[in-house]
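For reference, the chains in residue letters:
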Amino acid sequence: MVSINPAKAQDVWKDVGEHVDFVVLSLTRADQAAAQAGIEEFADRSQAIIRSLRIRAAEDNLKVAIGFSNAAWDYLFPNAAKPKELETFTGVSGPEYSMPASAGDIFLHVRAKTEATVYEVVSQYRRFLKDFTTVVDETKGFRYFEGRAIIGFIDGTEAPEVQDAAEYAIIGHEDPEFINGSYAFAQKWLHDMSFWENQSTETQEKAVGREKFNDLELEDEEKFKNAHNVASKYEPNGEEQKIVRMNVPFSDPANDATGTYFIGYSRYWHVTKNMLINMVDQSDFLLTFSTLLSGQLYFIPSRDLLADIADGKLTN
Ligand code: HEM
């Protein structure tokens, strides 16, 4: 029996990187056989490209995750089994705010210490994908000072560290065919930064639920009722659930377009989904000054499963 082995997973761990590129592609759906053959080659090449860059740019700490949406899985592997929780995200709505869904088939999350390495990976990937995909979105993110989210707060403190993350981030024996895979939820937020920057530090702290400078958590009674670290919690039967989360800042400052690219990797999609539902149900403060630009769920196969895809085992 295959066992849970984080080393077999793609890079679904908390490792934000200095330079980040998120790419969402759509399959053209012009020629299914050609797309299948293209994906098989990509599954193989993508891993060789990573191995090569880890030699060529050994200091760059390259991390890559590649995923497929439910729609892509149905199109590319119609006769293969499907990860238990893989579905098309159709959005969630609360009394005041909604999180919309957006199109996407193939998802790339590439991060490294230098932009050159990120560029090299994505441009090489594009060679193997461009004949049967179009680009839906490309967002380039960066590490902000002290690992802060763009709203100025330290990001990721309560997200599990690599050594503890396996039980939260990767699929286990509950879905043996897809063991060591992961569910990635990618969501692009645009912030009204002038609104946020006009709030006092005290208001911002009550809104996030932590102190801004030193990252200490506030007492519950000091937080707003819709503080982010209250609204986003999912605690079935009083048991707090975790996912691996990263909030990557992006900005086009001259155009006043600044936001957060949220990426959450989880063993169970329903955990992330319930966090999203809780956020809209409780009108999370973050939603009050943000516009949600996109959101979709992707399955991140283990590296073993990518090798099976490369060998044509899912299309035969
Ligand atoms: C604009 C987007 C977002 C920003 C800027 C943001 C930022 C933050 C910050 C600064 C923290 C406190 C430090 C930490 O533990 O990481 C936090 C906590 C958290 N966030 Fe977010 N977040 C965003 C979106 C989301 C989304 C979409 C989810 C859920 C799918 C989420 C789930 C959580 C959870 C579960 C916590 C920890 C709560 C706790 O146990 O204290 N966040 N976030």
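Summary of the structure given here. (Residues numbered from 1 in each chain as written. Predicted model: local features only at pLDDT ≥ 70, side-chain atom pairs only at ≥ 80, totals over all residues. Heavy atoms only, no water.)

## With respect to the pattern of salt bridges
Here is step 1 of the chain: As enumerated under the stated definition, the model contains 19 salt bridges in all.
Here is step 2 of the chain: A salt bridge links Glu174 to Arg267; the nearest nitrogen and oxygen atoms lie 2.8 Å apart. In this pair, Glu174 sits in the loop between helix H4 (162-169) and strand S7 (182-191) while Arg267 sits in the loop between strand S9 (257-266) and helix H8 (269-281), placing the two residues 93 residues apart along the sequence.
Here is step 3 of the chain: Judged by relative accessible area, which is 16%, Arg267 ranks as buried. (Salt bridge = Lys/Arg side-chain N within 4 Å of Asp/Glu carboxyl O. Helix = DSSP H or I, 4+ residues; strand = E, 2+ residues; numbered from the N terminus. Buried < 20%, exposed > 50% of the residue type's maximum accessible area, 1.4 Å probe, protein only.)

## Brief notes about the coordination of the iron atom of the ligand
Here is step 1 of the chain: Exactly one protein atom donates to the iron atom of the ligand; that atom is His228 (NE2), 2.0 Å from the metal.
Here is step 2 of the chain: With respect to the helices, strands and loops of the structure, His228 is situated in helix H7 (residues 228-231). (Donors = N, O, S within 2.8 Å, 3.2 Å for Na, K, Ca; no water.)

## Focus: the packing of helix H1 (residues 32-56) against helix H3 (residues 115-129)
Helix-helix packing is characterised by the crossing angle of the two axes and by the distance between the axes.
Here is step 1 of the chain: Close contact between H1 and H3 brings their axes to 9 Å; oriented N to C, the two are set at 160°. For the element pair H1 / H3, the angle class is roughly antiparallel. Crossing hand, H1 versus H3: right-handed. Residues Gly38, Ile39, Glu41, Phe42, Arg45, Ser46, Ile49, Ile50, Leu53 and Arg56 of H1 lie in contact with H3, whose contacting residues are Thr117, Glu120, Val121, Gln124, Tyr125, Phe128 and Leu129.
Here is step 2 of the chain: Split into classes, the residues belonging to the contact of H1 with H3 amount to nine nonpolar, four polar and four charged. (Axes fitted to C-alpha atoms, helices over the stretch in contact; angles between N-to-C directions. Parallel < 35°, antiparallel > 145°, perpendicular 65-115°, else oblique. Left-handed = near helix turned anticlockwise from the far one by under 90°. Contact = heavy atoms within 4.5 Å. Nonpolar A, V, L, I, M, F, W, Y, C, P; charged D, E, K, R; others polar.)

## Things to note about helix H6 (residues 201-208)
Here is step 1 of the chain: Taken together, the buried positions of H6 are Gln204, Glu205, Ala207 and Val208. Take H6 and look down its axis: the buried residues cluster within an arc of 160°, on one side only.
Here is step 2 of the chain: Looking at the packing, one finds that the buried side of H6 touches helix H5 (193-197) and H7. (Arc of directions from axis to C-beta.)

## What about the packing of H1 against helix H9 (residues 303-310)?
Here is step 1 of the chain: At their nearest, the axes of H1 and H9 sit 7 Å apart, and the two run at 135° to each other. Between H1 and H9, the interaxial angle falls into the category oblique. Where H1 crosses over H9, the two elements pack in a sense that is left-handed. Across the interface between the two elements, Ile39, Glu40, Ala43, Asp44 and Gln47 of H1 pack against Arg303, Leu306, Ile309 and Ala310 of H9.
Here is step 2 of the chain: Looking at the contact of H1 with H9 residue by residue, the classes come out as five nonpolar, one polar and three charged.

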